[in-house]
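Inside the fold
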Amino acid sequence: MTITRFAPSPTGHLHVGNIRTALHNWMLAQIAGGEFVLRIDDTDAARSKEEYVEAIRADLAWLGIAASREERQSTRLDHYQAAFDTLREAGRIYPAYETQQELELKRKVLLGRGLPPIYDRGALEMSDAERAAKEAEGVQPHWRFKLDHSEQISWTDGVRGSAKFDPALLSDPVIRRADGSWLYMLPSTVDDIDMGITQVLRGEDHVSNTAVQIQMFTAMGATPPAFAHEALLVGTEGKLSKRLGSLGCDSFRERGIEPEAIIALLSRLGTSLPVEPIADRAKLLETFDLSTFGRAPAKFDDADLDRVNTAIVHAMEYDAVKGRLPEGMDESGWHAVRPNIANIAEVGEWWRLVTGPIEAPEFSDEDRAFLAQAAAQLSEAFANAAGGGDAPWAGLTSALKAATGRKGKALFLPLRQALTGMNHGPDMGELLPLIGEEAAARRLERAAV
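Residues numbered from 1 in each chain as written. Predicted model: local features only at pLDDT ≥ 70, side-chain atom pairs only at ≥ 80, totals over all residues. Heavy atoms only, no water.

Now for the overall build of the protein. Secondary structure summary: the protein contains 19 helices and 12 strands in total. By the burial criterion, 47% of the 449 residues in the protein qualify as buried. Summing over all exposed atoms, the protein offers an accessible surface of approximately 21,500 Å²; the carbon and sulfur share of this is 50%. With 49 positive and 66 negative side-chain charges, the protein shows a separation of 4 Å between the mean positions of the two kinds. (Helix = DSSP H or I, 4+ residues; strand = E, 2+ residues; numbered from the N terminus. Buried < 20%, exposed > 50% of the residue type's maximum accessible area, 1.4 Å probe, protein only. Areas by Shrake-Rupley, 256 points an atom, 1.4 Å probe, with all protein chains shown as cover. Lys, Arg positive; Asp, Glu negative; His and termini not counted. Charge placed at Lys NZ, Arg CZ, Asp CG, Glu CD.)

Our focus in this paragraph is the packing of helix α1 (residues 16-31) against helix α9 (residues 259-268). Relative to each other, α1 and α9 sit at 80°, their axes nearing to 10 Å. Our classification of the angle between α1 and α9 gives roughly perpendicular. Within the contact between the two elements, α1 uses V16, I19, R20, L23, H24 and M27 and α9 uses I262, I263, L266 and S267. Among the residues making up the contact of α1 with α9, the classes are represented as seven nonpolar, two polar and one charged. (Axes fitted to C-alpha atoms, helices over the stretch in contact; angles between N-to-C directions. Parallel < 35°, antiparallel > 145°, perpendicular 65-115°, else oblique. Contact = heavy atoms within 4.5 Å. Nonpolar A, V, L, I, M, F, W, Y, C, P; charged D, E, K, R; others polar.)

A separate point is α9. Where burial is concerned, most of α9 is hidden: nine out of the 10 residues are buried. By the burial criterion, the buried members of α9 are P259, A261, I262, I263, A264, L265, L266, S267 and R268. Next to the buried residues of α9 lie α1, α2 (50-63), α8 (249-254), α10 (281-287) and α11 (302-314). Directly after α9, the chain includes G270, whose backbone phi takes a positive value near 90°.

In any sheet, the strands associate via hydrogen bonds between backbone groups, in a parallel or an antiparallel arrangement. Read from one edge to the other, the open sheet built from three strands follows the order β4-β5-β8, with strand pairing classed as antiparallel. Two strands in the sheet have a free side with no partner beyond their single neighbour: β4 (93-96) and β8 (174-176). On average, each strand axis in the sheet is inclined to that of its neighbour by 45°, with strand direction left out of account. Here two bridges tie strand β5 (residues 142-145) to β8, and the two strands are oriented antiparallel to one another. By the bridge assignment for β8, W143 is matched with R176. (Pairing = 2+ DSSP bridges.)

A side chain of one charge can pair with a side chain of the opposite charge when the charged atoms of the two come close. On inspection of all chains with the given rule, the structure shows 32 salt bridges. Here R368 makes a salt bridge to D365, at a shortest N to O gap of 2.1 Å. Placement of the pair is R368 and D365 together in helix α15 (residues 365-386), with a separation of three residues, close to one helical turn. On the basis of relative accessible area, R368 is assigned to the partly exposed category, the value being 22%. On the basis of relative accessible area, D365 is assigned to the exposed category, the value being 56%. Linked through salt bridges whose partners overlap, the residues forming this network are R5, R39, D41, R76, D191, D192 and D194. (Salt bridge = Lys/Arg side-chain N within 4 Å of Asp/Glu carboxyl O.)

In this section: unusual backbone geometry. Glycine aside, the phi torsion of most residues is negative, and most peptide linkages are trans. The peptide bond linking G356 to P357 adopts the cis configuration, its omega dihedral lying at -5°. Inspection of the secondary structure assignment puts P357 in the loop between α14 (347-355) and α15.

Moving on: the nonpolar core. By size, the foremost hydrophobic cluster in this structure holds 85 residues, and its most contacted members are F252, F300, W334, L371 and L444. Top contributing element to this core by residue count: α1, with eight residues. (Core = buried A, V, L, I, M, F, W, Y, C linked by side-chain atoms within 4.5 Å.)

The next thing to look at is the side chain of E258. Among the secondary structure elements, E258 is positioned in the loop between α8 and α9. Aside from chain neighbours lying at most four places away, what touches E258 is N309, V313, M316, R324 and I344.

What follows deals with the sheet that holds strand β3 (residues 69-72). Taken together, three strands build an open sheet; the order of strands is β1-β2-β3 and the sheet is parallel. Edge positions in the sheet fall to β1 (3-6) and β3, since each of these pairs with one other strand and no more. The mean angle between the axes of side-by-side strands here comes to 30°, regardless of whether they run parallel or antiparallel. Relative to strand β2 (residues 35-40), β1 runs parallel, the two being bridged by four bridges. Bridge assignment links F6 to a residue of β2, and that residue is L38. Of the strands in this sheet, β1, β2 and β3 touch α2, which is tilted by about 160° from β3.

Within the element layout of this structure, M316 appears in the loop between α11 and α12 (318-321). Note: C-alpha distance between M316 and A279 (37 residues apart in sequence) is 9.0 Å. Those residues in contact with M316, other than ones at most four positions away along the chain, are E258, V321, R324, W334 and R338.

With that settled, consider the environment of E254. As for its placement among the helices and strands, E254 is situated in helix α8. Distance in space between the C-alpha atoms of E254 and E286 is 31 Å, their sequence separation being 32 residues.

Next comes the structure, spelled out in structure tokens:
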């Protein structure tokens, strides 16, 4: 069975990059009939907050990304300790005593020589006496995983194809801090083994982490999952944007963006497939394939999201939105205003054209006389419509055209302005019956004065 996972740290809210990762892993599980695991990586007790855990759950629920199960790293510390003890006994974990300042100085020296800033394994050269002396001074070690330099690390990446790393060109990663707390690498690997994760799709910034973790899987006698690394999101300026790191579900909701629009955009972003306003997830799943993912950065553009959102809103049926519409607005009202809105939040302003009050402009004497004539003929237009004749708007404008000779803008604009207070808006043929004969007559008569 295919089992994927999304593993956010609850140190903040989800941003658009996180959402994309969660979505793609959920889609991989869906198309394979597998499981999608939400794993809360909360080993950093100082920065992890329960409010963020709740926010992550709420955002995923709003987006319709449902996990098969949820796991918490904070409940699995004994598993990490057991793996640590086993690896240490096997000689794959060793203590290191350098301070941050000492490590930074080593990096600067190497960079100054034009060399990659790789850890020199100085801790491995320390004698037992030197280690004991450090600890006698109160210096607690941090712990590193010892990479095996004897052969290349390689895998077939689901997006990038053949991937190879020379472990000698990688630093032995720190897996545990001096205070005993865990860093990302080892707990993540242990979890992937214990939870049966078969496929990991994440950003290309994790490629070197994958090389390291493949050795950890091997050291623990486990088969690594299939790895794939997708291109990172960039802003419209074509580079990594700090703004994308803060753009999340709260800001989308504030803008009136539908979750279907976010899913439609992010499911295709970075692929060779066109971004289309597809609200049906089954259709998006039919075309989701890692082979369509490109290596170029994926550009996130607000204009694209707004375009997709507007198209999705325009296709939404009344039953899907009725609980979010203004009081008294029925299916005919939704149908009338829907073509004019970019998001559901705009419905109230357009519905005000029906419920009032409206503020009509000042009219010329000629237009006021025309509107008075319209008010006089309105009742007949509604009566004819009730008897099976033309709809009120068509009947009224046809009668006024015949009686006054007006046509085009001269015929329609004063009527729209008097009835709605606007120069444009929903189709008047749909709007006039919603306004109703009585209210429409009052508006025409007031404008004619």
